[in-house]
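An overview of the molecular structure
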Amino acid sequence: MDRNATSGGIADVSYDLALWNLVIRPTRTTYDAAQLGPREFKVSDVAVVREDVDLRSKRGCLLCCSHFLPKGAKAGPEGLPVVVYLHGNSSNRLEAGGIVATLLT
């Protein structure tokens, strides 16, 4: 056994916990809402509007969401198609920016 791999003690426990949290709960990247881009833009000659929505769960967690819709869209009896994109656990809404145009065409 490699004696340098573990040395035991309380300091090692706190280090192990910190290391574990980096894997299981990595620090979330931060961003400014302005980085999400313009609220109105065009994709293949279709005007699109981004609505930023905050939802609160029953446990009190705040979910910050972006809802992209064709500008002036009126839902028919079947409604409009919806794609829910969930980013990784240490990411944010900026991650979806690269695929929004693809999903809207």
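Residues numbered from 1 in each chain as written. Predicted model: local features only at pLDDT ≥ 70, side-chain atom pairs only at ≥ 80, totals over all residues. Heavy atoms only, no water.

Brief notes about the overall build of the chain
For the chain, the count of helices and strands is two helices and three strands. The N-to-C order of helical and strand elements in the chain reads α-β-β-β-α. Residues classed as buried in the chain amount to 10% of the 105 residues present. Long-range contacts, defined here as pairs at least 24 residues apart, represent 42% of the contacts in the chain between residues at least 6 apart. (Helix = DSSP H or I, 4+ residues; strand = E, 2+ residues; numbered from the N terminus. Buried < 20%, exposed > 50% of the residue type's maximum accessible area, 1.4 Å probe, protein only. Contact = heavy atoms within 4.5 Å.)

Points about the sheet that holds strand β2 (residues 46-56)
Spatially, three strands are ordered β1-β2-β3 in an open sheet, and the strand pairing comes out antiparallel. Of all strands in the sheet, those with a lone pairing partner are β1 (40-43) and β3 (62-70), marking the two edges. When the angles between neighbouring strand axes are averaged without regard to direction, this sheet yields 35°. Both β1 and β2 contribute to a ladder of four bridges, which runs antiparallel. When the sheet's bridge partners are listed, Phe41 is paired in β2 with Val48. (Pairing = 2+ DSSP bridges. Axes fitted to C-alpha atoms, helices over the stretch in contact; angles between N-to-C directions.)

Side note on unusual backbone geometry
For Ser44, which is not glycine, the phi dihedral falls at a positive 50°. Along the polypeptide, Ser44 turns up in the loop between β1 and β2. Unlike most non-glycine residues, Asp45 shows phi in positive territory, near 65°. Inspection of the secondary structure assignment puts Asp45 in the loop between β1 and β2.

Looking at the side chain of Ser91
Counting through the fold element by element, Ser91 comes out in the loop between β3 and α2 (100-104). A polar side-chain atom of Ser91 sits 2.6 Å from a polar atom in the side chain of Glu95. What Ser91 contacts, discounting residues up to four positions off in sequence, is Arg28 and Thr29. (Polar contact = N/O pair within 3.5 Å; in protein donor to acceptor, adjacent residues only side chain to side chain.)

Here's the deal with the packing of aromatic side chains
The final tally for this structure, using the stated rule, is one aromatic pair. Taking 6.2 Å as the distance between ring centres and 70° as the angle between the ring planes, the aromatic pair formed by Phe41 and Phe68 counts as edge-to-face. Of the two residues, Phe41 sits in strand β1 while Phe68 sits in strand β3, which places them 27 residues apart along the sequence. (Phe/Tyr/Trp six-rings, centres within 6.5 Å; stacked < 30°, edge-to-face > 60°.)

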